[in-house]
Amino acid sequence: MQSRLRVQGHPIQPMLVTFPFGLFVSAAVFDLTDVIGGPAFLGEVGYSTAVAALVAAALATVAGMIDLWDVPGGGTRRTAVTFNLVNAAMAGLFLIACLIRADAPQRGAGVVLLLTEMVALAVGGYGVALGARLMRRFDAGRREATTFDALTGVAGQTVEIARPRP
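Residues numbered from 1 in each chain as written. Predicted model: local features only at pLDDT ≥ 70, side-chain atom pairs only at ≥ 80, totals over all residues. Heavy atoms only, no water.

1. Considering the overall build of the protein chain
Within the protein chain, the regular secondary structure consists of four helices and three strands. When its helices and strands are written in sequence order, the protein chain yields β-β-α-α-α-α-β. Long-range pairs, those at least 24 residues apart, make up 78% of the contacts in the protein chain between residues at least 6 apart in sequence. Summed over its atoms, the accessible surface of the protein chain is roughly 9,600 Å², and 67% of this surface lies on carbon and sulfur atoms. (Helix = DSSP H or I, 4+ residues; strand = E, 2+ residues; numbered from the N terminus. Contact = heavy atoms within 4.5 Å. Areas by Shrake-Rupley, 256 points an atom, 1.4 Å probe, with all protein chains shown as cover.)

Below you can see the structure in the form of structure tokens.
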């Protein structure tokens, strides 16, 4: 199976998923530092990072929904749907934390919000495992050059939005 959204033949959605997860981890680290007594501005940085992660998660979700149309039925489709739902659950927990903090004057995190973020990251960790399983399934037969020579002589379109080949 190939993705509808590709860059140089590589699916875009797995690339996009790394941004929200990395930003969510960074937000939790900033919030942890704020909760254990670090400078107060780190709580605000954690909040802003979580908001940026939610925007990135929305973009990754759109790409995931487009790719989901072409996933074959059976176990692969079930795994893909579960992957998208798990990532949505992680983003949903961070969204709840951000909405609670939005009205606070300094937007710092408390212990309960930090625990919510940790649960969200645990859920996201399961999503990472599901994503890795999907990538192994979809790219099982793909072989690529592993030297720097592969970077030269790129011809054709760089970004494609097309119906996948069967």
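There is more to say after this.
2. A word on the pattern of salt bridges
A full pass over the atoms with the stated rule returns two salt bridges. As a salt-bridge pair, D31 and R101 come within 2.7 Å of each other at their nearest N and O atoms. Of the two residues, D31 sits in helix 1 (residues 13-35) while R101 sits in helix 3 (residues 75-102), which places them 70 residues apart along the sequence. Here D31 and R101 have matching classes, each one buried. Among the ionic pairs, R101 bridges to E117, the shortest N-O distance being 3.2 Å. Here R101, found in helix 3, pairs with E117, found in helix 4 (residues 111-138); they are 16 residues apart in sequence, far enough to count as distant. For R101, a relative accessible area of 1% gives the class buried. Within this structure, D31, R101 and E117 form a network of salt bridges that share partners. (Salt bridge = Lys/Arg side-chain N within 4 Å of Asp/Glu carboxyl O. Buried < 20%, exposed > 50% of the residue type's maximum accessible area, 1.4 Å probe, protein only.)

3. Notes on the nonpolar core
Counting 14 residues, the largest nonpolar core has F24, L54 and F94 as its most contacted members. Here this core takes five residues from helix 2 (residues 41-68), the largest share from any one element. Discounting chain neighbours no more than four positions away, the residues touching F94 are F24, A50, L54, E117, A120 and L121. Counting nine residues, the second-largest nonpolar core is a separate cluster that includes A60, L68, A80 and F83. (Core = buried A, V, L, I, M, F, W, Y, C linked by side-chain atoms within 4.5 Å.)

4. Some details on the packing of helix 2 against helix 3
Two packed helices can be described by the angle between their axes and the distance between those axes. Between helix 2 and helix 3, the shortest axis-to-axis distance is 10 Å and the interhelical angle comes to 155°. Taken together, helix 2 and helix 3 sit at an angle that is classed as roughly antiparallel. Here the hand of the crossing between helix 2 and helix 3 comes out left-handed. The residues of helix 3 that touch helix 2, namely those facing G43, G46, Y47, A50, V51, L54, A57, G64, M65 and L68, are R77, A80, V81, N84, A91, F94, L95, C98, R101 and A102. Grouping the amino acids of the contact of helix 2 with helix 3 by side-chain chemistry returns 14 nonpolar, four polar and two charged. (Axes fitted to C-alpha atoms, helices over the stretch in contact; angles between N-to-C directions. Parallel < 35°, antiparallel > 145°, perpendicular 65-115°, else oblique. Left-handed = near helix turned anticlockwise from the far one by under 90°. Nonpolar A, V, L, I, M, F, W, Y, C, P; charged D, E, K, R; others polar.)

5. Thoughts on the side chain of E117
Residue classification places E117 among the buried positions, given a relative accessible area of 1%. Residues within four places of E117 in sequence aside, it is in contact with A27, A28, D31, F94, A97 and R101.

6. Some points on the environment of A63
You can see A63 is positioned in helix 2. A63 gets classed as buried once you look at its relative accessible area, which sits at 4%. In contact with A63, other than residues within four places in its own chain, are L5, Q13 and L16.

7. Some points on the packing of helix 1 against helix 2
Packing of helix 1 against helix 2 brings their axes to within 8 Å, and their N-to-C directions diverge by 160°. Viewed along their axes, helix 1 and helix 2 adopt a mutual orientation that is roughly antiparallel. Like other packed secondary-structure pairs, helix 1 and helix 2 cross with a definite hand, here left-handed.

8. Focus: the environment of S48
Structurally, the position occupied by S48 is in helix 2. Residue S48 is classed as partly exposed on the basis of its relative accessible area of 45%. In sequence terms S48 and C98 are 50 residues apart; their C-alpha atoms lie 8.9 Å from each other.

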